[in-house]
Amino acid sequence: MKKSKQKKFIQGNEACVEGALYAGCRFYAGYPITPSTEIMEVMAARLPKIGGSFIQMEDEIASMCAVVGASLGGLKSMTATSGPGFSLKQEAIGYACMTEVPCVIVNVMRSGPSTGYPTGPSQSDVMQAKWGTHGDHPAVVLTPSSVQELLYETIRAFNLAETYRTPVIILYDEVIGHMREAVTLPLPGEINVVERKKPNCPPSEYKPYDVQDGNVAPLAAYGEGYRFHVTGLYHAADGFPTSNTKLIQETNERLVNKIDRNKETICKNEEFCLDDAEIGVFAYGVCAKSAKFAVKELRSKGVKVGLLRPLTIWPFPDDAVEEMAKKVKTIIVPEMNLGQVVHEVERASKGKCDVRGLFRVDTDPIHPKQIMNAILGRPVEPTVIPSEVLIERDMIDG
Amino acid sequence: MSTQTAARTVPYKEKAPFDYSSYMRKGKLPHIWCSGCGHGIVLKSLLRAIDATGIQKDDIAIVSGIGCSSRTPGYLDFNTLHTLHGRALPCATGIKLAKPKLKVIVVTGDGDALAIGGNHFIHACRRNMDLTIMVYNNYIYGMTSGQSSPTTPQSMIATTARYGSIEPTFDTCTLAKAAGATFVARGTAYHAQELEKTIYDAIMHKGTSVLDILDSCPTYYGRFNKFKSASEMMEKIEKDGTLSISQADKLPPEKREGKLLRGVLHKSERPEYCEEYERLMEKAQGK
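Calculation criteria
Every residue gets a number counted from 1 within its own chain, in the order that chain's sequence is written. Here the convention is simple: chains get letters from A, ligands get numbers from 1, in the order in which they are written. Per-residue local features of the predicted model are confined to residues with pLDDT of at least 70, and side-chain atom pairs are confined, for both listing and counting, to 80 or more; whole-chain, interface and lining totals are unaffected and use all residues. The side-chain figures draw on all heavy atoms in the structure; neither hydrogens nor water molecules are used. Pairing of aromatic rings covers Phe, Tyr and Trp, the last through its six-membered ring, and needs centres within 6.5 Å; plane angles under 30 degrees mean stacked, over 60 mean edge-to-face, and all others mean tilted. Comment: elements are numbered from the N terminus, with helices defined as DSSP H or I runs of at least four residues and strands as E runs of at least two. Working definition: with a 1.4 Å probe on protein chains only, accessible area under 20% of the residue-type maximum means buried, over 50% means exposed, and in between means partly exposed. In this analysis the charged atom, NZ for Lys or CZ for Arg, is taken to sit over a ring once it is within 6 Å of the ring centre and within 35 degrees of the ring normal. In these notes, a set of buried Ala, Val, Leu, Ile, Met, Phe, Trp, Tyr and Cys residues joined through side-chain atoms within 4.5 Å is what counts as a nonpolar core. Each domain's limits were defined by an automated method or a database of domain assignments. The contact criterion used is simple: two residues touch if any of their non-hydrogen atoms lie within 4.5 Å. Throughout, the accessible surface (probe 1.4 Å) given up by two parts as they are put together, summed over both, is called the buried area. In the sections that follow, a salt bridge refers to a side-chain nitrogen of Lys or Arg positioned within 4 Å of a carboxyl oxygen of Asp or Glu. Under this definition, polar contacts are N or O atom pairs within 3.5 Å; protein pairs additionally need one hydrogen-donor-capable and one acceptor-capable atom, and for neighbouring residues in sequence, both atoms have to be side-chain atoms. Three residue categories are used. Nonpolar comprises Ala, Val, Leu, Ile, Met, Phe, Trp, Tyr, Cys and Pro, charged comprises Asp, Glu, Lys and Arg, and polar comprises the others, including Gly. When the sulfur atoms of two cysteines come within 2.5 Å, that pair is taken as a disulfide. We treat two strands as partners when DSSP finds at least two bridges between them. Every axis corresponds to a line fitted to the C-alpha atoms, with the helix fit spanning only the stretch in contact, and the corresponding angles, defined between N-to-C directions, vary from 0 to 180 degrees. For classification purposes, an angle smaller than 35 degrees is called roughly parallel, one larger than 145 roughly antiparallel, one from 65 to 115 roughly perpendicular, and anything else oblique. We call a crossing left-handed when the near helix sits turned anticlockwise from the far one by less than a right angle, and right-handed when that turn is clockwise.

1. Looking at the packing of aromatic side chains
The geometry of an aromatic ring pair is captured by two quantities: the separation of the ring centres and the angle between the planes. All told, the structure shown has 14 aromatic pairs over all chains when counted by the stated rule. Both rings, one in Tyr206 of chain A and one in Tyr226 of chain A, keep their centres 5.2 Å apart while their planes meet at 75 degrees; by these two values the pair is edge-to-face. Of this pair, Tyr206 of chain A sits in the loop between β9 (180–185) and β10 (229–231) while Tyr226 of chain A sits in the loop between β9 and β10, and the two are 20 residues apart along the sequence. The exposure classification of Tyr206 of chain A matches that of Tyr226 of chain A, with both residues buried. Among the aromatic residues, those joined into a ring-pair cluster are Tyr12, Phe18, Tyr20, Tyr23 and Phe78 of chain B. For Lys292 of chain A, the ring lying beneath its charged end belongs to Phe272 of chain A, and the centroid distance is 5.2 Å.

Quick look at the structure:
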């Protein structure tokens, strides 16, 4: 008998947990922080039921460290946080980059800097997600923009983490985190789940950073007969510290290149009405919802406008932006910060078109009307939300 | 866990020299420690203690933070992790919870465990997860060339305490006991055989065990504070500055004055975290 798919009406943070468990996450360590706490609460209820481990740690730093430890113990591991907590995790995120320990970090963005406005959404951690930890390092950051998509992208985050032995960050905001939408849960086997590549050589020959055929080496788990060493110092293929300058250069380049050279597989975009567009919108996360609504509205009035929506914000979709820049006269970049991704769009468009930002940091989402005005070259009215727009069905679909 | 019954007494008393090489990684010596540093003595005591437990190398993880003592795991042939400054304990917590069958030993220093890792330290003690925490206590930040640490005694000199430290110190053992550790002991590099026995007891204890291991940094602490030699430091601090807890009971208070006690200072029984988590899972699964 064919199993029918289960539908659930859940909030984004719950969908994130559904995706994580589907992907095989069996370890969660966290610390309470708004607006991501529900992820931890649901994990605390769900993981013990399926034999997974949950622990509430003493702080954000400890949570991130425990995730690294558990991943080395062989479990797919994750943590979630927001705002100040994301800042605190940066040290150990860098450690995971350097030691190439797969893990997933969720950052439900809230208004900042500092404590800011904890219950208000924001998109102001996009650059921190890329550059938050010190040193040159790889960054894989996903930006889903609906509850269903968050579920799928969480599965993809685990798959990317395991494929590339690297931390993967899922970046969304308070709106996506707390918004409830009808979500279809995938059936077992319906979506590919990547398992960690383990060594098949004898333990005496195992080198945890020996990348013979490619950019990623198999990773053994502690306690399974492979007694290997892991350090945050620059290390040779055998995992032991090195001061060899050539090796340091090669290792740092490899860490970054293993992501950059696989951009084509890691990057994922949605293109909407771009073929004949004269004006383009580049929007991610919750802004992309407003942007898509605006594009649909104006298309119905004959305005030639299209949307490029990255589901992977890092590595940055340079090629897709350049393609768009070749077609359109102007790219509008709405974001809930004071201008972060807009500079990347400018860089990637290589002067082929005009790039304009539309920024909002008052903790209300950018309204479709504001984006429409920006597209039409009118003054961008701020916050008055016409009631007829509020009830539109399009506001709550993908 | 595949364990052998401990085949010998602790400390090691057989006539043949102890074979350290079977626990060391080949080609990783020389170590980074200065001559006169006590870390090597502690390392050897640790290996003899591990040998006596009969626990297999595959079943032991050794986790460290950052600092001189934290370089220990790199030399040892176990599952080893050299983490971030202060972060050995949360990393070890993750490993232990993911793989409860592993015996997890944490090697850390006074600055690593009690300053930057202080929050992790007290909460690790509180949880009572089966971790053995070895604090190599040499009163100073050695790797960064001699700054004062939470255990630098008052009036002693460090590069960041040029006129003598004015800060009160942490007593690692009192702190650990207050935070809930179920096995708390002190040893010294000077009393190496006694230390071996104490480490053995700590490893065999089910729950969080904390060892405050007095150790010497002749290069910085010794030089700044006018100790003539490494051996003089060991004698003054580790030998003359301490008393075995069994001796202390027999001495009048004036002879105990100003001396730190060695041996097992506190032992209690509380449910171990991973076993509690097993029970929690059964409850969640309705078993």
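Additional details are given in the paragraphs that follow.
2. Thoughts on the nonpolar core
With 156 residues, the main nonpolar core has Ile39, Met43, Met78, Val281, Phe282 and Ile331 of chain A together with Phe121 of chain B as its most contacted residues. Split by domain, this core shows at least three residues from each of two domains, domain 1 (6–185) and domain 2 (270–390) of chain A. Sequence-distant contacts of Ile39 of chain A, that is, excluding residues within four places in its chain, are made with Asn13, Cys16, Val17, Tyr28, Met78, Ala80, Val106, Val108 and Tyr172 of chain A. Among the nonpolar cores identified, the runner-up in size contains 36 residues, and Leu47, Ala49, Tyr200 and Ile203 of chain B belong to it.

3. As for the interface of chain A and chain B
On the chain B side, the residues contacting the 41 residues of chain A number 38 residues. Carbon and sulfur atoms make up 58% of the area that chain A and chain B hide from each other, which totals about 3,200 Å². The largest contributions to the chain A side of the interface with chain B come from Glu58, Tyr222 and Arg227 of chain A, which together make up 23% of the buried area. For Lys99 of chain B, the salt bridge is made with Glu224 of chain A, and the minimal N-O distance between the two is 3.0 Å. Linking chain A with chain B are 24 residue pairs in polar contact (both at pLDDT 80 or more), by the criterion used here. Top element by residues in the side of chain A that touches chain B is helix α3 (residues 60–72) of chain A. It accounts for seven residues.

4. Thoughts on the domain arrangement of chain A
Residues and elements named next belong to chain A. Split into domains, chain A comes out as domain 1 (6–185) and domain 2 (270–390). Between the C-alpha centres of domain 1 and domain 2 there is a distance of 26 Å. Taken together, the contact pairs 27 residues of domain 1 with 22 residues of domain 2. Area buried by domain 1 at its contact with domain 2 is led by Gln123, Met127 and Thr143, which between them contribute 33% of it. The interface formed by domain 1 and domain 2 includes 15 residue pairs in polar contact (both at pLDDT 80 or more). Taken together, the elements giving at least two residues each to the side of domain 1 that touches domain 2 come down to β6 (117–121), α5 (126–131), β7 (140–142), α6 (147–164) and α7 (174–178). For the side of domain 1 that touches domain 2, a count of residues per class yields twelve nonpolar, eight polar and seven charged.

5. Re the state of the cysteines
Chemically, a disulfide is nothing more than a covalent bond linking the sulfur atoms of two cysteines. Residue and element names in this part refer to chain A. According to the stated counting rule, one finds zero disulfides over all chains in the structure shown. Cys273 provides the cysteine sulfur closest to Cys287, a residue in no disulfide bond, and the two sulfurs are 18 Å apart. By relative accessible area, which is 0% here, Cys287 ends up buried.

6. Observations concerning the pattern of salt bridges
Following the criterion strictly, the structure yields 48 salt bridges over all chains and no others. Glu195 of chain A is the salt-bridge partner of Lys76 of chain A, the closest N and O atoms lying 3.4 Å from each other. Taken together, the residues Lys76 of chain A in strand β4 (residues 76–81) and Glu195 of chain A in the loop between β9 and β10 connect sequence positions 119 residues apart. Given a relative accessible area of 7%, Lys76 of chain A falls into the buried group. One salt bridge connects Asp130 of chain B with Lys103 of chain B, and the closest N-O pair in it is separated by 3.1 Å. A residue pair is termed long-range when its members are at least 10 positions apart, and Asp130 of chain B in the loop between α5 (118–127) and β4 (131–137) and Lys103 of chain B in strand β3 (residues 103–109) qualify at 27 residues.

7. Describing the sheet that holds β10 of chain A
Across the sheet, which stays open at both edges, the nine strands sit in the order β10(A)-β2(B)-β1(B)-β3(B)-β4(B)-β8(B)-β7(B)-β10(B)-β9(B) with mixed pairing between neighbours. Both edges of this open sheet fall to β10 of chain A together with β9 (242–244) of chain B, since each of them pairs with a single strand only. On average, adjacent strands in this sheet sit at an angle of 20 degrees to one another, irrespective of strand direction. Relative to strand β10 (residues 260–267) of chain B, β9 of chain B runs parallel, the two sharing three bridges. In the sheet register, Leu243 of chain B faces β10 of chain B, and the bridge partner there is Leu261 of chain B.

8. Remarks on the sheet that holds strand β13 (residues 305–310) of chain A
Residue and element names in this part refer to chain A. The strand order β11-β13-β12-β15-β16 describes an open sheet built from five strands, whose pairing is mixed. The sheet is open, and its two borders are formed by β11 (269–272) and β16 (354–359), each paired with just one other strand. Across the sheet, the mean angle separating the axes of adjacent strands is 20 degrees when strand polarity is ignored. The pairing of β11 with β13 spans four bridges and is classified as antiparallel.

9. Points about the packing of helix α11 (residues 318–327) of chain A against helix α12 (residues 341–349) of chain A
All names here are of chain A. Viewed as axis vectors pointing N to C, α11 and α12 meet at an angle of 70 degrees, and their least axial separation amounts to 8 Å. In terms of their interaxial angle, α11 and α12 are classed as roughly perpendicular. Of the two elements, α11 crosses α12, and the hand of that crossing is right-handed. Two secondary-structure elements touch here, α11 through Asp318, Val321, Glu322 and Ala325 and α12 through Val345, Arg347, Ala348 and Ser349. Split into classes, the residues belonging to the contact of α11 with α12 amount to four nonpolar, one polar and three charged.

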